[in-house]
Amino acid sequence: MNKCHNCSDESLINKAEKEGIDLVWDRHEAMQPQCGFGEQGICCRICIKGPCRIDPYGNGPQEGICGADADTIVARNLIRMIASGTAAHSLHGKEIAKTLLEVAHDEVDSYEVKDVDKLKNIAKKLEIKVEDKSVKELAEEVAYETLKDYTRFEDEPCNWLANTITEQRLSKLEDLDIALNNIESSVTDIMSRTHVGTDADPLNLLLAGLKCALGDYTGMQLSTNLSDVLFGTPEPVISESNLGVINEDAVNIAVHGHNPLLSEIIVDVADELQEEAIEAGAEDGINIVGICCTGNEVLLRRGIPLATNYLSQELAILTGAVEAMVVDVQCIMPSLAKISDCYHTELFTTMPDAKIPGATHVELNPSEVAENAKSIVRKAIKAFEEREQDKVEIPTETSKTIAGFSKEAVVNLLSEIDAEEPLRPLIDNIVNGNIKGIVLFAGCNNTKVTQDSNFYEMATKLLADDILVLATGCAAGAFAKNALMNSHATEKYAGDGLKAVLEILGHEAGLDAPLPPVWHMGSCVDNSRGVDLAVSIANKLEVDLDQLPLVASAPELMSEKAISIGTWVATLGIPVHVGVVPPVTGSSFVTNVLTSDLGDLLGGYFIVEEDQQKATEKLIEIIEKKRDDLNIND
Ligand code: MSK
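Residues numbered from 1 in each chain as written. Predicted model: local features only at pLDDT ≥ 70, side-chain atom pairs only at ≥ 80, totals over all residues. Heavy atoms only, no water.

Asks: How do you make sense of the domain arrangement of the chain when you look at a structure like this?
Replies: Size of an interface, as often reported, equals the accessible area lost when the parts are brought together. Once the domains are mapped, the chain shows domain 1 (7-53), domain 2 (70-231), domain 3 (243-391) and domain 4 (403-629). The gap between the C-alpha centroids of domain 1 and domain 4 is 29 Å. Contacts between the two partners involve ten residues from domain 1 and, on the opposite side, nine residues from domain 4. Across the interface of domain 1 and domain 4, roughly 700 Å² is buried in total on both sides, 50% from carbon and sulfur atoms. Broken down residue by residue, the surface that domain 1 buries against domain 4 is led by Trp25, His28 and Gln40, which jointly contribute 52%. Taken together, the connections running from domain 1 to domain 4 amount to one salt bridge. Aspartate 9 is the partner of lysine 481 in a salt bridge, and the nearest nitrogen-oxygen pair spans 3.8 Å. Remark: the boundary between domain 1 and domain 4 carries two residue pairs in polar contact (both at pLDDT 80 or more). Residue assignment for the side of domain 1 that touches domain 4 shows that the elements contributing at least two residues are α2 (24-30) and α3 (36-40). Split into classes, the residues belonging to the side of domain 1 that touches domain 4 amount to three nonpolar, five polar and two charged. (Domains from an automatic or database assignment. Contact = heavy atoms within 4.5 Å. Buried area = accessible area lost by both parts, 1.4 Å probe. Salt bridge = Lys/Arg side-chain N within 4 Å of Asp/Glu carboxyl O. Polar contact = N/O pair within 3.5 Å; in protein donor to acceptor, adjacent residues only side chain to side chain. Helix = DSSP H or I, 4+ residues; strand = E, 2+ residues; numbered from the N terminus. Nonpolar A, V, L, I, M, F, W, Y, C, P; charged D, E, K, R; others polar.)

Asks: Is there a simple way to explain the nonpolar core in this structure?
Replies: Grouped burial of nonpolar side chains is what soluble globular proteins tend to show. Grouped together as the largest cluster of nonpolar side chains are 184 residues, with contacts concentrated most on Ile286, Phe441, Phe479 and Trp568. With 15 residues, helix α4 (residues 70-104) is the single largest residue contributor to this core. Here isoleucine 286 is in contact with Val251, Ile253, Ala270, Leu273, Gln274, Ala277, Val377 and Ile381, once residues within four sequence places are set aside. Grouped together as the second largest cluster of nonpolar side chains are 37 residues, Trp25, Val289, Met333 and Ile356 included. (Core = buried A, V, L, I, M, F, W, Y, C linked by side-chain atoms within 4.5 Å. Buried < 20%, exposed > 50% of the residue type's maximum accessible area, 1.4 Å probe, protein only.)

Asks: Where do I start with the environment of glycine 443 in this structure?
Replies: Among the secondary structure elements, glycine 443 is positioned in the loop between β11 (437-441) and α19 (453-464). Classification of glycine 443 by relative accessible area gives buried; the value is 11%. For glycine 443 and isoleucine 394, which are 49 residues apart along the polypeptide, the C-alpha to C-alpha distance reads 27 Å. Other than its neighbours up to four places away in sequence, glycine 443 contacts Phe455, Thr472, Cys474 and Ala475.

Asks: Whenever I open this one, the site of the ligand confuses me. Can you help?
Replies: In the neighbourhood of the ligand, the contacting residues comprise His258, Cys292, Cys293, Tyr310, Cys331, Gly443, Cys444, Cys474, Cys524, Met558, Ser559 and Lys561. Tallied by class, the residues present in the shell around the ligand amount to eight nonpolar, three polar and one charged. Two domains each provide a minimum of three residues to the shell around the ligand, namely domain 3 (243-391) and domain 4 (403-629). (Near = heavy atom within 4 Å.)

Asks: Just checking my understanding: could you explain the packing of aromatic side chains for this structure?
Replies: The way to describe two aromatic rings as a pair is by their centre distance and the angle between their planes. Evaluated as defined, the whole model comprises seven aromatic pairs. Aromatic pair phenylalanine 455 and phenylalanine 479: ring centres 5.7 Å apart, planes at 75 degrees, arrangement edge-to-face. Of this pair, phenylalanine 455 sits in helix α19 while phenylalanine 479 sits in helix α20 (residues 473-481), and the two are 24 residues apart along the sequence. In textbook terms, an aromatic cluster arises when at least three aromatic residues are bridged by ring pairs, as seen for Phe441, Phe455 and Phe479. Above the face of the tyrosine 343 ring, lysine 391 is positioned so that its terminal group lies 4.8 Å from the ring centre. (Phe/Tyr/Trp six-rings, centres within 6.5 Å; stacked < 30°, edge-to-face > 60°. Lys NZ or Arg CZ within 6 Å of the ring centre and 35° of its normal.)

Asks: What is the right way to look at a negative patch on the surface in this model?
Replies: On the surface, a cluster of negative charge is contributed by Glu154, Asp155, Glu156 and Asp177. Residue placement: glutamate 156 occurs in the loop between α6 (135-148) and α7 (159-162). (Patch = residues over 30% accessible without salt bridge, like charges linked within 9 Å, V, L, I, M, F, W, Y side chains within 5 Å. Areas by Shrake-Rupley, 256 points an atom, 1.4 Å probe, with all protein chains shown as cover. Lys, Arg positive; Asp, Glu negative; His and termini not counted. Charge placed at Lys NZ, Arg CZ, Asp CG, Glu CD.)

Asks: How should the pattern of salt bridges be read in this particular structure?
Replies: Two side chains bearing opposite charge may form a pair once their charged atoms approach each other closely. For the structure shown, the criterion picks out 35 salt bridges. Residues arginine 387 and glutamate 323 are paired through a salt bridge, measuring 2.8 Å at the closest nitrogen-oxygen approach. One end of the pair, arginine 387, is in the loop between α16 (369-384) and β10 (399-403); the other, glutamate 323, is in strand β7 (residues 322-327), with 64 residues separating them in the sequence. Look at glutamate 323 and you get buried, because its relative accessible area is 0%. Taking the shortest distance from any N to any O, the salt bridge between aspartate 629 and lysine 625 comes out at 2.9 Å. Placement of the pair is aspartate 629 and lysine 625 together in helix α26 (residues 612-629), with a separation of four residues, close to one helical turn. The exposure class assigned to lysine 625 is partly exposed, which follows from its relative accessible area of 49%. Through salt bridges with shared partners, a single ionic network connects Lys118, Asp228, Glu297, Arg301, Glu408, Asp526 and Arg529.

If you want it as structure tokens, here you go:
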């Protein structure tokens with residue numbers, strides 16, 4: 001199998017081989033064959049009588065030592081993955097909410113409310129009275145209302161759940177008793193009920209998983225929205241992507257992870273310290289580049305170029321021209337420390353809950369964040385003097401990238417056509433078939449798939465069939481690197497109907513060229529932006545989300561976060577394709593619930609298909625069927 005879809009990555013993979021450096025693909029190879037029990041989810045490590053494993057062929061044990069069968073074990077393992085994903089996203093959101101509170105209380109200098117209109121809109125959404133209140137008073141109330149979603153004892157749904165989905169969906173969730181009231185207790189609940197000797201009913205376990213996944217959704221909603229308040233709501237911005245954005249004549253600092261609290265300040269501080277870098281011999285000063293979702297955050301808000309996505313993070317260091325890699329939380333390979341050691345690159349960890357042996361830890365302290373950031377940038381400038389020129393090999397490929405499609409940005413664009421009813425032009429074009437439907441691509445890369453290939457192959461076929469593509473996270477990174485986020489891609493790949501719409505929108509946006517056919521909506525937490533757009537369309541059409549010609553896909557999923565995202569997307573009524581088989585096949589009960597019964601109950605369900613061609617056909621079929629059901633297919 002090829003390792004990646006991208007020729008700039010290929011040259012660095014060869015370089016690593018020559019230098020005797022192991023990369024993620026080598027470690028994948030060394031891990032073969034992978035454990036078949038683990039792959040099917042039928043290995044139980046929940047108590048220390050075990051580990052136990054169920055024989056999938058029926059010859060050996062069909063129960064663990066405690067008597068748990070395959071259905072119970074698979075369901076328990078799955079919902080523990082959901083709990084982990086929910087914990088990761090919701091803690092990210094809690095940090096942002098706490099920072100907003102600190103801004104309101106004048107406890108931090110480096111942050112401020114950048115988007116006052118958004119703050120007011122959020123306040124209204126959360127039913128907070130806006131009139132006669134200062135920005136800081138509003139920020140305080142919004143932060144407190146948000147933090148209640150982490151602590152509520154009453155049996156009322158979370159603010160950021162109830163106020164961001166359709167009414168019909170909320171009542172469906174209430175009917176099933178899964179309308180989440182407290183994010184953190186949903187994680188605790190999973191850990192408690194999956195303890196040995198507690199919940200053994202696979203259906204009951206899975207329902208708890210759905211409820212917990214809604215905590216992931218709630219955490220994402222509040223993360224996205226409060227980040228917009230603090231750092232600005234994205235508007236379309238033009239930048240570049242791929243490893244070629246690393247600049248040989250600059251001090252290169254890569255920001256990587258998820259949380260924008262430090263990376264935003266690094267970008268500010270880098271502007272201030274440009275002269276120091278030039279004095280150190282870097283002709284072009286300081287060049288910040290992004291990796292994974294921190295990269296997406298600063299691309300959308302600051303136009304910072306995106307170097308790469310998850311699977312090729314190590315390759316950034318292999319260029320020999322990255323002085324510092326600054327990481328926060330999630331999706332950071334511990335291998336980065338070892339690889340940095342082979343170069344002059346210094347790896348900085350910044351969060352108390354995400355340290356890596358071999359990295360330099362400079363803790364992000366909210367009251368001294370600018371000083372923390374300056375010390376990192378100055379160390380990077382110093383490292384520039386130690387760069388070994390003979391080890392530098394920077395691929396030349398870059399792709400023009402138009403990013404920044406927040407829901408607000410989409411509405412602003414559309415309001416140039418219809419100021420009264422901005423969504424009308426989009427809806428009309430969906431109804432008349434110029435846009436047959438929408439696919440939201442999300443999720444990671446996985447060594448089990450040639451990097452970015454599923455994203456690329458599926459999206460280009462969908463576009464040709466007049467299906468608009470939205471993207472977040474490493475999916476967005478894949479499309480950005482592979483030149484699907486610019487006007488040229490519209491000319492090349494979009495079907496006639498879609499192209500005509502994107503041409504008009506591009507003209508209205510003053511681009512003098514079509515809008516890109518794949519809209520970059522942001523990082524993993526910004527999957528909420530896709531939901532916001534879908535909910536607005538559904539409300540306009542007076543239907544629920546499961547009736548829209550809308551499907552989600554994570555064709556290269558890898559992380560527990562991707563499992564929790566997929567689960568809430570299905571819970572909200574949207575079918576979800578996954579291109580890597582999740583560890584559930586050891587239980588036909590669990591597999592059937594996820595791929596079929598869930599659809600009967602909530603409209604959304606999982607489609608497991610590793611073949612990208614077949615997967616694309618299935619998604620198109622679902623979209624056509626939804627159009628038929630809405631009576632909008634001629
Ligand atoms: S970074 S969760 S590899 S999308 Fe958001 Fe990428 Fe997946 Fe991490």
